[in-house]
Amino acid sequence: IFDFKENIKLGKGPTEVSNDFYNYRQCSVLGFLFYYFDNESGNIKHKYIDFLSDILSHDAHFVIGCLKEILKNHVPKHEIKKINFWSDAGNHFRCSELLHFLLFSCPKLFKVCCEFNVFCESHGKSSVDGHFSLLTRWMKAIEKNSKIE
């Protein structure tokens, strides 16, 4: 499951002067949640991976780059047989560039069967959105004591 979080503001801290408001830096957050079967324990496990970027355009190019990074470096290649991708119905996830990667390029590059699914519009939040809520709480807690750059 993957989704973009609303852009976050960096530079907030416990004490701010009026000029600080104009110096906040925006940051884009793309979150992934992977569910997988662990052969050793026999259980279904999950793992969150977040990407932060100064590039604020939530586009397919960024999503594709992040997926390549994850599939090359964070997932054991010998254990994957099929990947079911899920996202919300945002236009940035339903564009031809991303669909081509998920359904044609990804299976060839990683020798795996791939499916792409879209959650219905206005039908609630995914588990990734819940994770984003946790990230927001962590940021607010840290900002009470120090500045996040």
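Here the structure is a predicted model, which means the values were calculated and not measured.

1. Considerations on a nonpolar patch on the surface
Next, step 1: Together, Tyr-35, Phe-37 and Ile-44 line one region of the surface with nonpolar side chains, adding up to about 370 Å² of accessible area.
Next, step 2: Mapped onto the elements of the fold, Phe-37 is located in strand 2 (residues 25-38).
Next, step 3: On the basis of relative accessibility, which here comes to 48%, the residue Phe-37 falls in the partly exposed class.

2. Let's talk about the pattern of salt bridges
Next, step 1: The full count for this structure, using the stated rule, is 2 salt bridges.
Next, step 2: With a shortest N-O distance of 3.2 Å, Lys-45 and Asp-38 are connected by a salt bridge.
Next, step 3: A salt bridge links Lys-82 to Glu-115; its shortest N-O distance comes to 2.9 Å. On the criterion of sequence distance, the pair formed by Lys-82 in strand 4 (residues 82-87) and Glu-115 in strand 5 (residues 113-118) is long-range, its members being 33 residues apart.

3. Remarks on the state of the cysteines
Next, step 1: Under the defined criterion, the tally for this structure stands at 0 disulfides.
Next, step 2: No disulfide involves Cys-106; its sulfur sits 3.8 Å from that of Cys-114, the nearest cysteine.
Next, step 3: In this structure Cys-106 comes out as buried when scored by relative accessible area, which is 0%.

4. What to know about the packing of helix 1 (residues 60-73) against helix 2 (residues 96-110)
Next, step 1: The geometry of helix 1 relative to helix 2 is characterised by a closest axis approach of 10 Å and an angle of 20° between their N-to-C directions. By the angle between their axes, helix 1 is roughly parallel relative to helix 2. As for how helix 1 packs across helix 2, the hand of that crossing is right-handed. The segment helix 1 lies against helix 2, with Ala-60, His-61, Val-63, Ile-64, Leu-67, Lys-68, Leu-71 and Lys-72 engaging Glu-97, Leu-98, Phe-101, Leu-102, Cys-106, Leu-109 and Phe-110.
Next, step 2: For the contact of helix 1 with helix 2, the class distribution of residues is 11 nonpolar, 1 polar and 3 charged.

5. So, the nonpolar core
Next, step 1: Counting 26 residues, the largest nonpolar core has Phe-2 and Phe-85 as the members making the most contacts within it.
Next, step 2: Taken together, the elements giving at least two residues each to this core come down to strand 1 (2-10), strand 2, strand 3 (43-53), helix 1, strand 4, helix 2 and strand 5.
Next, step 3: When neighbours within four sequence positions are excluded, Phe-85 is seen to be in contact with Phe-2, Leu-67, Leu-102, Cys-106, Cys-114, Glu-115, Phe-116 and Asn-117.
Next, step 4: Within the second largest apolar cluster, 11 residues are counted, among which are Ile-1, Leu-10, Leu-33 and Leu-135.

6. Overview of the side chain of Asp-38
Next, step 1: With respect to the helices and strands, Asp-38 occurs in strand 2.
Next, step 2: Of note is the side chain of Asp-38, whose polar atom sits 3.0 Å from the side chain of Ser-41.
Next, step 3: In terms of polar contacts, Asp-38 uses its side chain to reach the side chain of Lys-45, at 3.2 Å.
Next, step 4: Non-local contacts of Asp-38, meaning those with residues more than four positions away in its chain, are made with Asn-43 and Lys-45.

7. Structural notes on the confidence of the model for the protein
Next, step 1: Of the residues in the protein, 88% reach a pLDDT of 70 or more, and the chain-wide mean stands at 84.
Next, step 2: Confidence, read as mean pLDDT per element, is least for strand 1 in the protein (81) and greatest for helix 2 (93).

8. Observations concerning the environment of Gly-90
Next, step 1: Along the polypeptide, Gly-90 turns up in the loop between strand 4 and helix 2.
Next, step 2: According to the relative accessible area criterion, Gly-90 is buried, its value standing at 17%.
Next, step 3: Between the alpha carbons of Gly-90 and Asp-3 there is a distance of 8.9 Å; along the sequence they are 87 residues apart.

Reading the values: rules and limits
- Each chain has its residues counted from 1, following the order in which its sequence is written.
- Local features in this predicted model are restricted to residues whose pLDDT is 70 or higher, and side-chain atom pairs enter the listing and the counts only when it is 80 or higher, whereas totals over whole chains, interfaces and linings include all residues.
- With hydrogens and water stripped out, all remaining heavy atoms of the structure feed into the side-chain values.
- Distance thresholds for patches are 9 Å for like charges and 5 Å for nonpolar side chains (Val, Leu, Ile, Met, Phe, Trp, Tyr), applied to residues having over 30% relative accessible area and no salt bridge.
- For the accessible areas, the method is Shrake-Rupley and the probe is 1.4 Å, while residue cover comes only from the protein chains on display.
- A pair is scored as a salt bridge if a Lys or Arg side-chain nitrogen falls within 4 Å of a carboxyl oxygen belonging to Asp or Glu.
- Going along the chain from the N terminus, every DSSP run of H or I of four or more residues is numbered as a helix, and every run of E of two or more is numbered as a strand.
- Summary of the burial criterion: residues with accessible area below 20% of their type's maximum are buried, those above 50% are exposed, and those between are partly exposed, where the area comes from a 1.4 Å probe applied to protein chains only.
- Any cysteine sulfur atom paired with another within 2.5 Å is treated as part of a disulfide.
- As a rule, the C-alpha atoms of each element are fitted with a line to give its axis, helices using only the stretch in contact, and angles between N-to-C directions run from 0 to 180 degrees.
- Here roughly perpendicular refers to angles of 65 to 115 degrees, roughly parallel to angles under 35, roughly antiparallel to angles over 145, and oblique to all remaining angles.
- Less than a right angle of anticlockwise turn of the near helix away from the far helix marks a crossing as left-handed, whereas a clockwise turn marks it as right-handed.
- Throughout, a residue-residue contact means that at least one pair of heavy atoms, one from each residue, lies within 4.5 Å.
- Side-chain classes are defined by residue name, with Ala, Val, Leu, Ile, Met, Phe, Trp, Tyr, Cys and Pro counting as nonpolar, Asp, Glu, Lys and Arg as charged, and the others, Gly among them, as polar.
- The term nonpolar core refers to a set of buried residues drawn from Ala, Val, Leu, Ile, Met, Phe, Trp, Tyr and Cys, joined through side-chain atoms within 4.5 Å.
- Polar contacts, as counted here, are pairs of nitrogen or oxygen atoms within 3.5 Å of one another; within protein the pair requires one atom able to donate a hydrogen and one able to accept it, and residues that are adjacent in sequence qualify only if both atoms are side-chain atoms.
- pLDDT gives the predictor's per-residue confidence on a scale running from 0 to 100.

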